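Each chain is listed here by its residues.
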Amino acid sequence: MAANMYRVGDYVYFENSSSNPYLIRRIEELNKTASGNVEAKVVCFYRRRDISNTLIMLADKHAKEIEEESETTVEADLTDKQKHQLKHRELFLSRQYESLPATHIRGKCSVALLNETESVLSYLDKEDTFFYSLVYDPSLKTLLADKGEIRVGPRYQADIPEMLLEGESDEREQSKLEVKVWDPNSPLTDRQIDQFLVVARAVGTFARALDCSSSVRQPSLHMSAAAASRDITLFHAMDTLYRHSYDLSSAISVLVPLGGPVLCRDEMEEWSASEASLFEEALEKYGKDFNDIRQDFLPWKSLTSIIEYYYMWKTTDRYVQQKRLKAAEAESKLKQVYIPTYSKPNPNQISTSNGKPGTVNGAVGTTFQPQNPLLGRACESCYATQSHQWYSWGPPNMQCRLCAICWLYWKKYGGLKMPTQSEEDKLSPSPTTEDPRVRSHVSRQAMQGMPVRNTGSPKSAVKTRQAFFLHTTYFTKFARQVCKNTLRLRQAARRPFVAINYAAIRAEYADRHAELSGSPLKSKSTRKPLACIIGYLEIHPAKKPNVIRSTPSLQTPATKRMLTTPNHTSLSILGKRNYSHHNGLDELTCCVSD
């Protein structure tokens with residue numbers, strides 16, 4: 001009964017698709033619609049498979065920085081399987097709200113802020129447990145650190161300096177240190193200090209009566225006296241006493257100088273009524289996210305001013321009234337809702353040998369009926385060949401399936417229980433995988449934990465590209481040799497988007513063919529046998545050019561290196577001749593006799 005009772009603040013699984021993993025949400029409100037159905041207003045959490053690869057790399061970089069500064073178990077101490085499953089436990093909080101039918105709830109889970117002092121293995125040891133450390137903005141596609149993190153760990157420990165010896169100078173920058181504003185060993189008694197504070201409040205009330213802007217905001221004497229009794233007046237009075245060495249006569253003379261009484265205002269008096277309304281509207285939308293409040297609602301206010309106003313605003317009657325209204329509104333809403341266990345069959349179930357579908361999600365207590373392992377493929381995750389229920393998984397043309405245990409893992413954690421071959425290569429990178437050209441061919445499905453067929457299946461998960469062979473005709477080869485001036489292969493290769501003028505090539509080939517009609521080109525050259533080429537190389541060995549190296553002296557300037565004309569034809573191992581020479585298309589031919 002308690003497991004099916006869901007309350008505000010619970011982290012739950014929502015099912016929006018029979019084949020996709022569950023959505024992880026936090027219930028904020030439970031509302032009853034006009035038709036009698038219950039809808040849940042929830043906060044969205046995103047998995048790694050829901051964000052782009054660029055943001056995943058950014059999240060991994062952030063996790064690596066946390067590991068370097070923490071003293072707990074680091075990811076390097078985990079096995080490949082633990083690293084793989086740990087990525088399924090990571091979530092990203094968002095400020096996005098949505099309403100979902102409460103009947104789509106499929107169970108409870110636990111989501112916590114990543115604790116740097118706790119081992120990451122604690123999240124793997126507990127079922128239905130997740131963690132988050134970053135906030136994801138779906139509209140801007142950005143990741144930010146959570147501002148509500150608990151500052152626990154070595155990064156937030158105070159560095160206590162050594163005690164200074166007598167006569168030793170303090171080398172710290174004095175402007176960054178705290179300033180003493182109170183002396184407990186003052187010559188004044190508590191009664192004398194209280195009397196001085198009463199005088200300071202009276203001076204503040206009189207100063208507001210003389211100020212035109214204050215008389216508009218506090219039209220009555222009671223409001224002026226209440227404003228004069230705020231902390232800003234008391235702080236000014238205590239600071240005046242300390243600066244005058246607790247001399248009452250000197251401090252009172254400072255409170256009322258020659259120009260008139262001193263008027264001290266805090267943020268509550270400085271803000272206008274319209275600014276206060278904007279602040280309350282922003283607080284309702286963003287909560288205590290003061291950076292977003294300043295950015296979207298009050299950009300002309302400083303962050304310090306907004307924070308100071310917030311804590312002063314909590315002491316006003318306005319805050320008490322809003323709190324009572326929210327409490328009354330919460331009383332009228334649902335506190336909890338009972339959702340029975342979902343028992344309808346899943347459309348992805350594969351019928352058993354007797355033609356009857358098994359229990360959904362492999363419920364405990366079902367009768368185990370082993371199937372013939374030859375009737376289907378093994379589980380794509382754990383390679384098991386027997387299960388009391390099978391589920392189709394991935395695209396229909398792949399014909400992949402999961403066992404009951406791996407299917408439940410896929411629905412809850414959004415990935416396969418065991419790492420696939422492509423993910424193992426990512427967890428243990430080799431020099432070849434670091435090449436960006438190789439990494440670019442890795443499918444997005446493998447990167448995001450989507451269906452990837454394992455090596456035990458006959459087909460590959462990623463559809464391979466269709467291979468083709470570009471066959472060049474002999475006339476095209478002739479045109480490359482005869483029409484070099486018009487074709488300009490090098491310039492054409494540099495500009496592949498510019499079409500080649502076939503008409504000009506045909507015209508030049510026709511003219512050249514008429515000129516060479518007396519000695520027509522052979523349609524197909526006969527390649528010399530290997531023994532013939534080896535014999536030629538034995539008779540005509542390759543000669544190395546003699547390079548004259550001159551020793552530079554102080555009297556003669558260093559001679560500049562003369563650059564030879566580069567030969568762009570590719571050299572082969574057969575006598576270092578080019579392709580045209582070997583195929584008889586050049587004017588010089590090789591005539592070697594046995």
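Residues numbered from 1 in each chain as written. Predicted model: local features only at pLDDT ≥ 70, side-chain atom pairs only at ≥ 80, totals over all residues. Heavy atoms only, no water.

**Considerations on the overall build of the chain**
Definition in use: Starting at the N terminus, helices and strands are each numbered in turn, a helix being any DSSP run of H or I of at least four residues and a strand any DSSP run of E of at least two. Buried residues are those whose accessible area, probed at 1.4 Å on protein chains only, stays under 20% of the maximum for their type, while exposed residues exceed 50% and partly exposed ones sit between those limits. Note on definitions: a residue-residue contact is assigned when non-hydrogen atoms from the two residues lie within 4.5 Å.
When helices and strands are tallied, the chain shows 23 helices and twelve strands. Relative to its full complement of 594 residues, the chain shows a buried share of 30%. Counting only contacts in the chain whose residues sit at least 6 apart along the sequence, the fraction spanning at least 24 positions is 63%.

**Observations regarding the pattern of salt bridges**
Threshold: Salt bridge, as applied in this entry: a Lys or Arg side-chain nitrogen positioned within 4 Å of an Asp or Glu carboxyl oxygen.
This structure, assessed with the given rule, holds 16 salt bridges. Close ionic contact of arginine 26 with glutamate 28 constitutes a salt bridge, the shortest N to O distance being 2.8 Å. Exposure remark for glutamate 28: the relative accessible area of 27% places this residue in the partly exposed category. Here lysine 412 ties to aspartate 128 by a salt bridge, and the two come within 3.1 Å at their closest N and O atoms. Taken together, the residues span a long stretch of sequence, with lysine 412 in helix 14 (residues 404–413) and aspartate 128 in the loop between helix 3 (121–125) and strand 7 (129–137) at a distance of 284 residues. Both residues of the pair, lysine 412 and aspartate 128, count as buried.

**Considerations on the sheet that holds strand 11 (residues 390–393)**
Hydrogen bonds between backbone atoms are what pair the strands of a sheet, whose relative direction is either parallel or antiparallel. The line we're drawing: Two strands form a pair only when DSSP identifies at least two bridges running between them.
Here we have three strands laid out as an open sheet, ordered 10-11-12, and antiparallel in their pairing. Only two strands of the sheet have a single partner each, and these edge strands are strand 10 (349–350) and strand 12 (400–403). Note that strand 10 and strand 11 share two bridges and pair antiparallel. From the neighbouring strand, isoleucine 350 faces strand 11, where its bridge partner is tryptophan 390.

**Focus on a nonpolar patch on the surface**
Heads up, the condition is: Exposure above 30% relative accessible area and the lack of any salt bridge qualify a residue for a patch; like charges then connect within 9 Å, and the nonpolar side chains Val, Leu, Ile, Met, Phe, Trp and Tyr within 5 Å. For accessible areas, the Shrake-Rupley method is used with a probe of radius 1.4 Å. Any residue's cover is judged against the shown protein chains and nothing else.
Together, Val179, Val181 and Trp182 make up a nonpolar patch on the protein surface, roughly 300 Å² of accessible area in all. Following the sequence through the fold, valine 179 ends up in the loop between strand 8 (142–145) and helix 4 (190–210). Valine 179 gets classed as exposed once you look at its relative accessible area, which sits at 66%.

**Here we look at the nonpolar core**
How we decide: Put simply, a nonpolar core is a bunch of buried Ala, Val, Leu, Ile, Met, Phe, Trp, Tyr and Cys residues held in one set by side-chain atoms that sit within 4.5 Å of each other.
Of all hydrophobic cores here, the largest spans 15 residues; its most connected members are Ile24, Phe45, Leu91, Cys109, Val111 and Phe130. Those elements that place two or more of their residues in this core are strand 2 (11–14), strand 4 (38–47), strand 5 (90–101), strand 6 (105–113), strand 7 and helix 14. The element best represented in this core is strand 7, accounting for three residues. Those residues in contact with cysteine 109, other than ones at most four positions away along the chain, are Tyr11, Val12, Tyr13, Ile24, Asp128 and Phe130.

**Digging into the packing of helix 10 (residues 273–286) against helix 12 (residues 303–313)**
Here is the rule: Angles shown run from 0 to 180 degrees and are taken between the N-to-C directions of axes, each axis being a line fitted to C-alpha atoms and, for helices, limited to the stretch in contact. Geometric relationships in this document are graded by angle, where less than 35 degrees denotes roughly parallel, more than 145 denotes roughly antiparallel, 65 to 115 denotes roughly perpendicular, and other angles denote oblique. Ten residues, namely Ala, Val, Leu, Ile, Met, Phe, Trp, Tyr, Cys and Pro, are considered nonpolar, four, namely Asp, Glu, Lys and Arg, are considered charged, and the remaining ones, Gly among them, are considered polar.
Packing of helix 10 against helix 12 brings their axes to within 12 Å, and their N-to-C directions diverge by 85 degrees. One finds that helix 10 runs roughly perpendicular with respect to helix 12. Facing Ala276, Phe279, Glu280 and Leu283 of helix 10, the residues of helix 12 in contact are Ile306, Tyr309, Tyr310 and Trp313. Residue composition of the contact of helix 10 with helix 12, grouped by class: seven nonpolar, no polar and one charged.

**Re the packing of helix 4 against helix 7 (residues 231–243)**
The condition is simple: A clockwise turn of the near helix away from the far one marks a right-handed crossing, whereas an anticlockwise turn of less than a right angle marks a left-handed crossing.
At their nearest, the axes of helix 4 and helix 7 sit 9 Å apart, and the two run at 125 degrees to each other. Between helix 4 and helix 7, the crossing angle belongs to the class labelled oblique. Along this stretch, helix 4 crosses helix 7, giving a crossing that reads as right-handed. Counted together, Ile193, Phe196, Leu197, Ala200, Arg201 and Arg208 of helix 4 and Thr233, Leu234, Ala237, Met238 and Leu241 of helix 7 form the full contact between these two elements.

**Topic: the confidence of the model for the chain**
Our working rule: pLDDT gives the predictor's per-residue confidence on a scale running from 0 to 100.
Chain-level pLDDT for the chain is 76 on average; 72% of the residues reach the 70-or-more range. Here residues 427–464 is modelled with pLDDT under 50, and outside its nearest four sequence neighbours on either side it reaches 66 contacts, counting other chains as well. In this model residues 550–594 is a low-confidence stretch, pLDDT under 50, and it forms 34 contacts with partners more than four residues away in sequence or in other chains.

**Details of the packing of aromatic side chains**
Note the following rule: Only centres within 6.5 Å qualify two rings of Phe, Tyr or Trp (six-membered ring in Trp) as a pair; their planes then separate them into stacked at under 30 degrees, edge-to-face at over 60, and tilted for everything else. Lysine NZ or arginine CZ positioned within 6 Å of the ring centre and within 35 degrees of the ring normal marks a charge as sitting over the ring.
Counted according to the given criterion, the structure contains 22 aromatic pairs. A centroid spacing of 5.1 Å and a plane angle of 75 degrees characterise the contact between tyrosine 46 and tyrosine 136, whose relative ring orientation is edge-to-face. With a gap of 90 residues between them, tyrosine 46 in strand 4 and tyrosine 136 in strand 7 connect regions that are remote in the sequence. Summarising the burial analysis for this pair, tyrosine 46 and tyrosine 136 share the class buried. Looking at lysine 108, its charged tip hangs above the ring of tyrosine 6, at a distance of 5.6 Å from the centre. Note that arginine 401 overlies the ring of tryptophan 390, its terminal NZ or CZ placed 3.7 Å from the centroid.

**Brief notes about the side chain of asparagine 4**
Definition in use: Pairing of N or O atoms within 3.5 Å defines a polar contact, subject to two protein rules: one partner must be a possible hydrogen donor and the other a possible acceptor, and residues neighboring in sequence count only if both atoms are side-chain atoms.
Of note, asparagine 4 is situated in the segment before strand 1 (5–7). You can call asparagine 4 buried: its relative accessible area is 15%. A distance of 3.2 Å separates a polar atom in the side chain of asparagine 4 from a polar atom in the side chain of threonine 341. Those residues in contact with asparagine 4 that sit more than four places away from it in its chain are Val337, Tyr338, Ile339, Pro340 and Thr341.

**So, the pairing of strand 11**
Where strand 11 and strand 12 come together, four bridges link them in antiparallel fashion. Residue pairing in the sheet places tryptophan 390 in a bridge with cysteine 403 of strand 12. Hairpin connection between strand 11 and strand 12: a loop of six residues separates the two successive antiparallel strands, and glycine 394 in this loop has a positive phi of roughly 90 degrees.

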